[in-house]
Amino acid sequence: MQYINFNKDAWKGTEMKNPIEKICGMGTTLLALLFFGIVAFASILETSVIDPNHFGGELILYKNDNVFLNLVWILLFLLVAIVFAYFRETFQKIPVSKLKIGLFIYTMILGTIWVIKVQCVPAADAKQVFDAAAMFAKGDMTPMTVSTWESYLGDLSYFQPFHHQLGLTFLSEKLYRVCGFETALPLELMNVVCLAFLYLGLQKIAEKLFRSKGVVLILTVILALCLQPVFMTAFPYGIIIGFSAAIWAYYFVLCFMQSNSAKRALYILPATILMVIGVLAKYNNLIFVIAITMGLVIFIIREKDWVSLILVAVFCIVSFNCMNFVVMHYESKSGVELKPGISQTAFLDMGLNESYMAPGWYNGITIGLYKKNGGDSELTTKAAKEDVSKRIEKFKSDGSYCRSFFSKKILSQWNEPTYESIWVSQVKAHYYGEIDQKSWLNKVYQQNDENGKPIYDGSWGKKLDSYFNVYQMLMFVMFSVAMVSLLLKRCNVETMTLILVLVGGFLYHLLFEAKSQYCVSYFVLIAFFAAYGTYVVAKSIELKLPIKK
């Protein structure tokens with residue numbers, strides 16, 4: 001009789017060499033467990049959904065779930081973990097290289113089919129970026145002075161208040177110079193490529209962090225089942241591109257941390273380049289910059305490698321200032337000097353106010369203040385500060401309202417299982433025109449007209465909603481298991497850095513503008529740790545299972 005010893009290749013953590021690493025590691029893990037543990041518990045009880053009867057908008061509804069059925073799903077998942085545990089040696093005969101290649105090709109095929117089928121036309125902010133990139137590629141710098149189409153800014157340039165959008169415009173311009181700029185399909189197909197590389201990067205990170213082939217195997221299956229990002233590839237924006245670049249930046253930082261080579265400093269170069277791409281594609285990825293910088297500083301203190309502080313400084317300075325260089329580039333090329341844009345205080349004002357969609361979602365306050373003050377950034381910031389102060393006083397004086405506001409805001413983002421991944425293309429125009437009733441997109445999309453009459457068949461979409469709901473719940477539950485395990489094993493700085501990204505993302509969207517689509521990339525990271533949590537469950541169910549030779 002032969003036995004599987006799950007502990008023989010399970011990650012055992014790292015002995016704490018420095019009290020700062022111990023405190024920060026455990027503190028970060030505790031915060032992640034607290035934040036997402038709440039979401040995990042809530043996901044068993046209820047689900048946030050986009051109201052199909054709210055024509056053309058994002059109205060979030062909070063619906064009670066069948067708790068008994070959700071507990072059954074969790075039980076079934078545990079049974080799957082038992083099966084994995086029993087046949088673990090058989091599964092682990094699959095080469096890791098085949099897992100990586102298989103997932104990469106699988107993701108590329110699914111994503112390409114979806115993008116070609118949908119052919120989504122950019123709208124709103126994505127349209128501003130796309131049109132500007134196309135015009136810049138032709139040498140037309142008009143978007144630096146006026147909007148490319150009628151928008152909520154009137155005749156003002158879109159980039160006047162939103163400097164940070166020039167980052168994605170810059171990357172898109174370079175892409176369209178190579179691929180052409182007749183449609184947004186090149187950017188959407190780039191989303192597919194970046195998603196495939198994102199999944200590959202997570203597989204490679206799992207190898208280095210957990211040192212377990214079993215974790216990589218489970219991660220591969222979990223990512224193959226994570227379809228929300230695949231649907232999001234049809235959205236021509238920088239969410240997937242930016243997060244993929246940021247994950248690979250972290251991978252090279254991890255290589256730096258785990259290398260004993262005298263040339264390990266070279267890993268910071270690709271990490272910096274990739275982080276710059278990540279920030280330019282999606283400015284919120286500065287959260288990654290902060291997390292990595294904090295992780296590197298703690299690592300240097302642990303290893304007493306003071307010379308490497310110079311590398312950290314370069315990484316941090318370049319990443320934080322890359323957007324300024326892009327703005328200066330377009331200012332120089334167009335001869336237009338942009339005034340100070342909308343400050344983060346104004347976006348905080350938006351995030352702390354009500355919206356018809358859900359608490360803290362888009363409500364027009366930021367743009368309203370900016371236009372009311374004639375595009376003056378200082379006056380806009382001053383007005384926003386006054387409003388923020390009033391909101392804080394409101395939260396202080398009415399604890400019940402405060403709890404309701406932030407709990408609904410959290411759940412509207414993190415407990416919306418689709419993360420708007422289908423909705424973002426459903427509400428857009430398509431390059432080929434109207435969707436044919438015989439098309440399978442007609443079965444995927446769900447939307448009612450102003451009279452409540454279904455526009456699409458929606459039969460597949462309803463099944464996808466149910467699937468996403470169960471999948472999301474399991475990921476948050478297993479993520480919570482992973483955090484408990486990492487607490488017991490004393491989470492080291494390498495792992496802490498990645499968890500800090502999730503904590504930072506949660507806190508940022510708790511305070512600033514909310515939208516469930518902003519959480520889709522973080523959810524991929526939730527699934528990453530859920531794979532480790534699943535592994536922990538598998539080996540904890542029965543540490544030694546008899547297997548016949």
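As the structure is a computational prediction, the values presented were derived from the model and not from experiment.

Rules used throughout
Residues numbered from 1 in each chain as written. Predicted model: local features only at pLDDT ≥ 70, side-chain atom pairs only at ≥ 80, totals over all residues. Heavy atoms only, no water. Helix = DSSP H or I, 4+ residues; strand = E, 2+ residues; numbered from the N terminus. Rg over C-alpha atoms; globule rule 2.2 N^0.38 Å. Buried < 20%, exposed > 50% of the residue type's maximum accessible area, 1.4 Å probe, protein only. Contact = heavy atoms within 4.5 Å. Areas by Shrake-Rupley, 256 points an atom, 1.4 Å probe, with all protein chains shown as cover. Lys, Arg positive; Asp, Glu negative; His and termini not counted. Charge placed at Lys NZ, Arg CZ, Asp CG, Glu CD. Axes fitted to C-alpha atoms, helices over the stretch in contact; angles between N-to-C directions. Parallel < 35°, antiparallel > 145°, perpendicular 65-115°, else oblique. Left-handed = near helix turned anticlockwise from the far one by under 90°. pLDDT = per-residue confidence, 0-100. Salt bridge = Lys/Arg side-chain N within 4 Å of Asp/Glu carboxyl O.

Asker: Any details on the overall build of the chain? Residues and values, ideally.
Answerer: Along its length, the chain carries 22 helices and four strands. Taken over the C-alpha trace, the chain has a radius of gyration of 24 Å; the compact-globule value for 549 residues is 24 Å, and the two agree within 12%. In the chain, which comprises 549 residues, the proportion classed as buried is 56%. Contacts in the chain between residues at least 24 apart in sequence constitute 77% of all its contacts with a sequence separation of at least 6. Only carbon and sulfur atoms are counted for the fraction: they give 64% of the accessible area of the chain, which is about 23,200 Å². Counting 49 positive and 40 negative side-chain charges, the chain places the averaged centre of each group 11 Å from the other.

Asker: Tell me what's going on with the packing of helix H8 (residues 213-224) against helix H22 (residues 520-541), and back it up with residues and numbers.
Answerer: Running from amino to carboxyl end, H8 crosses H22 at an angle of 135 degrees, the nearest separation of the two axes being 8 Å. One finds that H8 runs oblique with respect to H22. Between H8 and H22 lies a crossing of right-handed hand. In this structure, H8 uses Gly214, Val215, Ile218, Leu219, Ile222 and Leu223 to contact H22, whose residues at the interface are Val524, Ala527, Phe528, Ala530, Ala531, Tyr532, Thr534 and Tyr535.

Asker: Describe the confidence of the model for the chain, and please don't skip the residues or the numbers.
Answerer: On average, residues of the chain score 89 in pLDDT, and 94% of them are at 70 or above. Confidence drops under a pLDDT of 50 for residues 1-16, and excluding neighbours within four residues, the segment shows 59 contacts in the predicted structure.

Asker: Describe in detail the pattern of salt bridges, supporting the description with residues and values.
Answerer: A side chain of one charge can pair with a side chain of the opposite charge if their charged atoms are brought near each other. According to the stated counting rule, one finds ten salt bridges in the structure shown. In this structure, Arg302 engages Glu21 in a salt bridge whose closest nitrogen and oxygen atoms are separated by 2.7 Å. Of the two residues, Arg302 sits in helix H12 (residues 286-303) while Glu21 sits in helix H1 (residues 19-45), which places them 281 residues apart along the sequence. Each member of the pair, Arg302 together with Glu21, is buried. Between Arg302 and Glu303 there is a salt bridge; the shortest N-O distance is 2.9 Å.

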